[in-house]
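# Observations on chain architecture
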Amino acid sequence: MSSLFPALTGAPADRPALRFGARSLTYAELAAAAGATAQRLGGAGRVAVWATPSLETAVAVVAALLAGVPAVPLNPKSGEKELRHILSDSAPSLVLAAPGDGLPAPLAALSRVDVDVDARGPVPAQDAEDGDPALVVYTSGTTGPPKGAVLSRRAVATTLDALADAWGWTGDDVLVHGLPLFHVHGLVLGTLGPIRRGGSVRHLGRFSTEGVARELNDGATMLFGVPTMYHRIAEALPAEPELVKALTGARLLVSGSAALPVHDHERIAAATGRRVVERYGMTETLMNTSVRADGEARAGTVGVPLPGVELRLVEEDGSEVTAYDGETVGEIQVRGPNLFTEYLNRPDATAAAFTADGYFRTGDMAVRDPDGYVRIVGRKATDLIKSGGYKIGAGEIENALLEHPAVKEAAVTGEPDADLGERIVAWVVPADPQAPPALAELADHVAARLAPHKRPRVLRHLDALPRNDMGKIMKRSLSHD
């Protein structure tokens, strides 16, 4: 097969490849360090990677892929119970870590390989096949223990090449991000993506608006972030002229992992003249859709299917939604070379995830606009509310609530109602805790923007919304008691 990283030997040797804080590697140094590490992994089977935001993590994953060995990235913040489950399920033969990193008890029984970023060795010849596993990435486990999604080398390559097509992504691009490296977004897109293109990645270590401004004003061209990061950027813009300058000069601003509220889209556009591009993907599918760099960056949408991805919306009975009317809600199903191969050791879950004709059931609900743009309205399990005979997506109500000046954060769920089936519940973090908005005020606000049947019937005030490491709101943690 062709190499996942032709630039390791094809890019100029002195071109910067990776930079984490003050530490960096050129392409020649990355190739040598990854080559030396790959030599230590021959015949290792699966290997775990202690995925801190560091040069060592990037070198470890590249080395595993060069050696044809599947890598299992581990979240350093995982609790011992979750770690034990992942290690038992994936059965890695060793763990790769940065020298000096303390590893928790569940990893004590594994052989440890310290990654030396100064080591030197040849890049091994590629003998892995396109369909061979590249990564085993564990899902968040919202409905049970995390499942290991097996991602093939083909899936990684085709997703990154489809994004290169959509975004005009080349070796001249310099990407900035501060995302964790145990998820698809930060690891595959944000780290392996630039290396496949022959470009550079600058990892902030810890996200800050100052770091974003510094890097984008120093030659970086792209920024990857999650909605929490862009919200902080939107809040900071009025007081940080260097940040305004940085975003104005960026070639591409990309948000993903959750929907970016329209309010933050508009604030960033108003201050910088630049619109954030959204894309849509998940662990099992890598990337499915994106707003194209040469297309319209329309707030509230995730664009159109990427090259090679087939996407359809289906009703509950499995029939396809054919209306591109911006109103008819259906579950997103996708098919293409970007899909995962299987859930490790879970043939039952794998079979249940696919339709008879090979489409993956994403569990995400969406509508399609007349021009084919996809607008996600929420998760089938937590964001689809059936009230008064209507199917309502929580996402559009959340966007409407966030346009109210008294609302700082908002989440919307449904709860049982004897008359309506489900009633709409708004969970709101007030902008001013001393003067929280009233239900009637917010209900009228939503009804005027959307429709009367989409207004919240219950209001609950919170100090903060529960979120995971990627900034996604954990709605299952919102109690209706």
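As shown above, the structure is provided for reference.
The paragraphs below set out a description of the structure included in this document. None of these values were measured; they are calculated from a predicted model. Residue numbers restart at each chain and count upward from 1, following the sequence in its written direction. Owing to the predicted nature of the model, reporting of local features is limited to residues with pLDDT of at least 70; listing and counting of side-chain atom pairs is limited to 80 or more, with chain, interface and lining totals taken over all residues. Only hydrogens and water are removed before side-chain values are computed, so all heavy atoms of the structure are retained for them.

### Details of the packing of aromatic side chains
Planes of paired rings set the category: under 30 degrees apart is stacked, over 60 is edge-to-face and the rest tilted, where pairs are Phe, Tyr or Trp rings (Trp by its six-membered ring) whose centres lie within 6.5 Å. Evaluated as defined, the whole model comprises 7 aromatic pairs. An angle of 20 degrees between the planes, with centres 5.5 Å apart, marks the rings of phenylalanine 340 and phenylalanine 354 as stacked. Placement of phenylalanine 340 in the loop between β17 (330-335) and β18 (342-343) and of phenylalanine 354 in the loop between α11 (347-353) and β19 (360-368) is noted, with a sequence separation of 14 residues between them. For phenylalanine 340, a relative accessible area of 3% puts it in the buried group. The criterion is that NZ of a Lys, or CZ of an Arg, lies within 6 Å of the ring centre and within 35 degrees of the ring normal, and then a charge sits over that ring. Above the plane of the ring of tyrosine 373 lies arginine 298, whose end atom (NZ or CZ) is 4.1 Å from the centre. The ring of tyrosine 359 carries arginine 312 above its face, with NZ or CZ at 3.7 Å from the centroid. Helix and strand assignments come from DSSP, with helices taken as H or I runs of at least 4 residues and strands as E runs of at least 2, each series counted from the N terminus. In this scheme, a residue with accessible area under 20% of its type's maximum is buried, one over 50% is exposed, and one in between is partly exposed, where area comes from a 1.4 Å probe on protein chains only.

### Details of unusual backbone geometry
It is generally the case that most residues other than glycine have a negative phi and that most peptide bonds are trans. With a phi close to 50 degrees, alanine 91 is a non-glycine residue in the positive phi region. Tracing the chain through its elements places alanine 91 in the loop between α4 (80-90) and β5 (94-97). A positive phi angle is found at asparagine 345, which is not glycine, with a value near 60 degrees. The topology assignment puts asparagine 345 in the loop between β18 and α11. Residue asparagine 345 is classed as partly exposed on the basis of its relative accessible area of 48%.

### Focus: helix α10 (residues 262-272)
For α10, the set of buried residues is Val262, Asp264, His265, Ile268, Ala269 and Thr272. Burial along α10 is one-sided: seen end-on, the buried residues are contained in an arc of 165 degrees. Only heavy atoms matter for contacts: two residues are in contact if any of them lie within 4.5 Å across the pair. Where α10 is buried, its residues meet α8 (227-236), α9 (241-249), β13 (277-282) and α12 (394-402). The arc in question is formed by the directions pointing from the helix axis toward the C-beta atoms.

### Some details on the pattern of salt bridges
The term salt bridge refers to a pairing of a side-chain nitrogen on Lys or Arg with a carboxyl oxygen on Asp or Glu at a separation within 4 Å. The tally for this structure, following the rule as stated, stands at 28 salt bridges. Residue arginine 275 is joined to glutamate 266 by a salt bridge in which the shortest nitrogen-to-oxygen separation is 2.9 Å. Exposure remark for arginine 275: the relative accessible area of 33% places this residue in the partly exposed category. A residue is classified by how much of its surface remains accessible, and glutamate 266, at 34% relative accessible area, is partly exposed. Note that glutamate 415 and arginine 423 form a salt bridge whose closest N and O atoms lie 2.7 Å from each other.

### Describing the packing of α9 against α10
Axis angles are defined between N-to-C directions and span 0 to 180 degrees, where every axis is a line fitted to C-alpha atoms and, for a helix, only to the segment in contact. At a minimum axis distance of 9 Å, the contact between α9 and α10 shows a crossing angle of 95 degrees. On the basis of the axis angle, α9 is roughly perpendicular to α10. Here Val244, Leu247 and Thr248 of α9 lie close against α10, whose contacting residues are Ile268, Ala271 and Thr272. Its residues assigned to classes, the contact of α9 with α10 shows 4 nonpolar, 2 polar and no charged. Any angle from 65 to 115 degrees is called roughly perpendicular, while one under 35 is roughly parallel, one over 145 is roughly antiparallel, and all others are oblique. In this count, Pro and Cys sit with the nonpolar residues alongside Ala, Val, Leu, Ile, Met, Phe, Trp and Tyr, while Asp, Glu, Lys and Arg are called charged and the others, Gly among them, polar.

### Looking at the sheet that holds strand β23 (residues 407-417)
If you trace the 3 strands from one edge of the open sheet to the other, you get β23-β24-β25, paired in mixed fashion. Each edge of the sheet is formed by a strand with only one pairing partner; in this case those strands are β23 and β25 (458-461). Put simply, the sheet's adjacent strands are angled 25 degrees from each other on average, direction ignored. Only strands joined by at least two bridges in the DSSP assignment are considered to pair. Judged from the 4 bridges that link them, strand β24 (residues 421-430) and β25 form a sheet pairing that is parallel. Within β25, the residue paired with valine 428 across the bridge is histidine 461.

### Considering the nonpolar core
The criterion is simple. A nonpolar core is a set of buried Ala, Val, Leu, Ile, Met, Phe, Trp, Tyr and Cys residues joined through side-chain atoms within 4.5 Å. In terms of nonpolar packing, the biggest core is built from 114 residues, with Leu18, Leu135 and Trp167 touching the most fellow members. Dropping the residues within four chain positions of it, leucine 18 is found in contact with Arg23, Ser24, Leu25, Leu30, Leu55, Ala58, Thr191, Ile195 and Val201. Judged by nonpolar contacts, the second largest core, of 16 residues, contains Ile397, Ala410, Val428 and Val446.

### Observations concerning the environment of arginine 379
Position of arginine 379 among the secondary structure elements: in strand β20 (residues 374-379). The class for arginine 379 is partly exposed, based on a relative accessible area of 33%. Residues arginine 379 and alanine 293, spaced 86 residues apart in sequence, show a C-alpha to C-alpha distance of 27 Å. Discounting chain neighbours no more than four positions away, the residues touching arginine 379 are Met282, Thr362, Gly363, Asp364, Met365 and Leu384.

### Section: the pairing of β17
Counted residue by residue, β17 has 5 buried out of 6 residues, so it is predominantly covered. The pairing of strand β16 (residues 310-314) with β17 spans 5 bridges and is antiparallel. Each residue of the ladder has a partner; that of leucine 313, found in β17, is isoleucine 332. Bridging between β17 and β19 involves 4 bridges; their strand directions are antiparallel.

### With respect to the packing of α12 against helix α13 (residues 439-449)
How two helices pack is summed up by the angle between their axes together with the distance between the axes. Where α12 contacts α13, the two axes come as close as 9 Å, and the packing angle between them is 115 degrees. Considering only the axes of α12 and α13, their crossing is right-handed. Between α12 and α13, the residues in contact are Ile397, Ala400 and Leu401 and Leu442, His445, Val446 and Arg449, respectively. Partitioning the contact of α12 with α13 into residue classes produces 5 nonpolar, 1 polar and 1 charged. Whether a crossing is left-handed or right-handed is set by the direction in which the near helix is turned from the far one by less than a right angle, anticlockwise for left-handed and clockwise for right-handed.

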